[in-house]
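Structure at a glance
Chain by chain, the residues:
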Amino acid sequence: MPYAKLTIDLPSAIWIGELSREFPSTTFRVLSAVPSGDAGFGLLEIESEEMPAVLDGLEDRAGIDSVQLMQRTDDTAIVQFETSEPLLLLSIRESGAPLELPLTIRDGQAVVELTASRDRLSAFGQQLETFGMSYTLNRVYDASEPPDLLTDQQRRLLVTAVEMGYYDTPRESTLTEVADEADLAKSTASVTLHRAEERVIKEFVADRLDVALDESPRAVS
């Protein structure tokens, strides 16, 4: 079953697109969402250093019918909302593709993860375009056979480097010592580590920081 991760550009006409652009440093996470007819209901987690202004902006937003504050700290809040503009939810429902929550939205962009047949993924893309939403396909692969992040050599060398304290501050070993331990030439060890570091860092940025990257994940020998 194919897995896909997309970054969707939300139109400013949609309340969450407009609100997230008004507060670009704020992170919105849709924890639950249920479309019902032409309306939508859900739970929204908000992380912001401008919480009072964000909550006021949410309540005053066209397309929001009701907001109920469920939980709040200084910089985090969970609200229950009802919207008359659930365009993203409707596009998902019409495509028949199951949405994986939470859905993260920041500065007008929503990061969406879906596991569905290719026909349903294609239908999802068509529904987004129907509702005027462009998107970037960050990655797609068979979820039953996820791609290896590192080659065997990269994995072994990276583990060796960590165990020898190469990444400690200050370092407890040099690149030459790591290469000798792995029985590799220093130049080979340098290139192999660099490529392994590139893959690990890019994967972290894409998955944990929700930043769209142009390249799909692939193992590099």
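Above this note sits the structure.
Residues numbered from 1 in each chain as written. Predicted model: local features only at pLDDT ≥ 70, side-chain atom pairs only at ≥ 80, totals over all residues. Heavy atoms only, no water.

1. Structural notes on the overall build of the protein chain
Our working rule: We count a stretch as a helix when DSSP gives it H or I for four or more residues in a row; a strand needs E for two or more, and each element gets its number in order from the N terminus. Three labels apply to residues, based on accessible area from a 1.4 Å probe with only protein chains included: buried if under 20% of the type maximum, exposed if over 50%, partly exposed otherwise in between. Accessibility throughout is a Shrake-Rupley quantity obtained with a 1.4 Å probe, and a residue counts as covered only by protein chains that appear here.
Along the protein chain, the regular secondary structure elements total 7 helices and 8 strands. The proportion of buried residues among the 221 residues of the protein chain is 38%. With the model as given, the accessible surface of the protein chain reaches about 12000 Å², and the carbon-plus-sulfur share is 48%.

2. Observations concerning the pattern of salt bridges
Using the following cut-off: Here a salt bridge means any side-chain nitrogen of Lys or Arg lying within 4 Å of a carboxyl oxygen belonging to Asp or Glu.
For the coordinates displayed, the defined rule picks out 5 salt bridges. With a closest N to O distance of 2.9 Å, Arg61 and Glu22 form a salt bridge. Placement of Arg61 in the loop between α2 (51-59) and β4 (64-72) and of Glu22 in helix α1 (residues 15-22) is noted, with a sequence separation of 39 residues between them. Exposure remark for Arg61: the relative accessible area of 10% places this residue in the buried category. For Arg29, the salt bridge identified is with Glu45, shortest N-O distance 3.4 Å.

3. Topic: the pairing of β4
Inclusion rule: By this definition, two strands are paired if DSSP reports at least two bridges between them.
By the bridge criterion, 7 bridges tie β4 to strand β5 (residues 76-83) in an arrangement that is antiparallel. For Leu69, the partnering residue across the bridge sits in β5 and is Val79. Between the end of β4 and the start of β5, which pair antiparallel, lie 3 residues.

4. Details of the pairing of strand β3 (residues 39-47)
Bridge analysis of strand β2 (residues 27-36) against β3 gives 9 bridges, and the strand direction is antiparallel. Each residue of the ladder has a partner; that of Val34, found in β3, is Phe41. Where β3 and β5 come together, 8 bridges link them in antiparallel fashion. By the bridge assignment, Leu43 is partnered in β5 with Gln80.

5. Some remarks on the packing of aromatic side chains
For the record, the criterion: What counts as a ring pair is set by centres within 6.5 Å for rings of Phe, Tyr and Trp (its six-membered ring), and what kind of pair is set by the plane angle: stacked under 30 degrees, edge-to-face over 60, tilted for all other angles. Only when the NZ of Lys or the CZ of Arg is both within 6 Å of the ring centre and within 35 degrees of the ring normal is a charge said to sit over the ring.
Enumeration according to the criterion identifies 2 aromatic pairs in this entry. Ring centres of Tyr166 and Tyr167 lie 5.1 Å apart, and the angle between their planes is 80 degrees; this geometry places the pair in the edge-to-face category. The residue whose ring lies beneath Arg171 is Tyr166, and the NZ or CZ to ring-centre distance is 3.9 Å.

6. A short note on a nonpolar patch on the surface
Test applied: Only residues above 30% relative accessible area that lack a salt bridge enter a patch, with like-charged residues linked at up to 9 Å and the nonpolar side chains Val, Leu, Ile, Met, Phe, Trp and Tyr linked at up to 5 Å.
Taken together, the side chains of Tyr135, Leu137 and Val140 present a nonpolar region at the surface, about 240 Å² in accessible area. Take Tyr135: it is sitting in strand β8 (residues 134-142). Residue classification places Tyr135 among the partly exposed positions, given a relative accessible area of 32%.

7. Here's the deal with unusual backbone geometry
Along the chain, Thr169 connects to Pro170 via a cis peptide bond; the corresponding omega equals 0 degrees. By the element assignment, Pro170 lies in the loop between α5 (152-163) and α6 (175-181). Positive phi, normally seen in glycine, also occurs at Asp107, with a value near 50 degrees. Turning to its location among the elements, Asp107 is positioned in the loop between β6 (99-106) and β7 (109-115). Even without being glycine, Asp183 reaches a positive phi, approximately 60 degrees. By secondary structure assignment, the location of Asp183 is in the loop between α6 and α7 (186-208).

8. A few points about the nonpolar core
In plain terms, the rule: Take the buried Ala, Val, Leu, Ile, Met, Phe, Trp, Tyr and Cys residues and link them wherever side-chain atoms come within 4.5 Å; each set so joined is a nonpolar core. Throughout, a residue-residue contact means that at least one pair of heavy atoms, one from each residue, lies within 4.5 Å.
Judged by nonpolar contacts, the single largest core of 31 residues is most densely connected at Ile8, Trp15, Phe28, Leu44, Ile46, Leu58 and Ile105. Take this core: its biggest share by element is 4 residues, from α2. Excluding anything up to four places from it in sequence, Leu58 contacts Trp15, Leu19, Leu44, Ile46, Ile64, Val67 and Val79. Counting 11 residues, the second-largest nonpolar core is a separate cluster that includes Tyr166, Leu175, Ala179 and Ala189.

9. Let's talk about α2
What counts here: By arc we mean the arc of the directions from the helix axis to the C-beta atoms, nothing more.
Along α2, the positions that sit buried rather than exposed are Met51, Val54, Leu55, Gly57 and Leu58. One side of α2 carries all its buried residues, which in axial view fall inside an arc of 160 degrees. Contacts made by the buried residues of α2 are with α1, β2, β3, β4 and β5.

It is worth stressing that arrangement in space is one thing and function is another; only the former is reported here.
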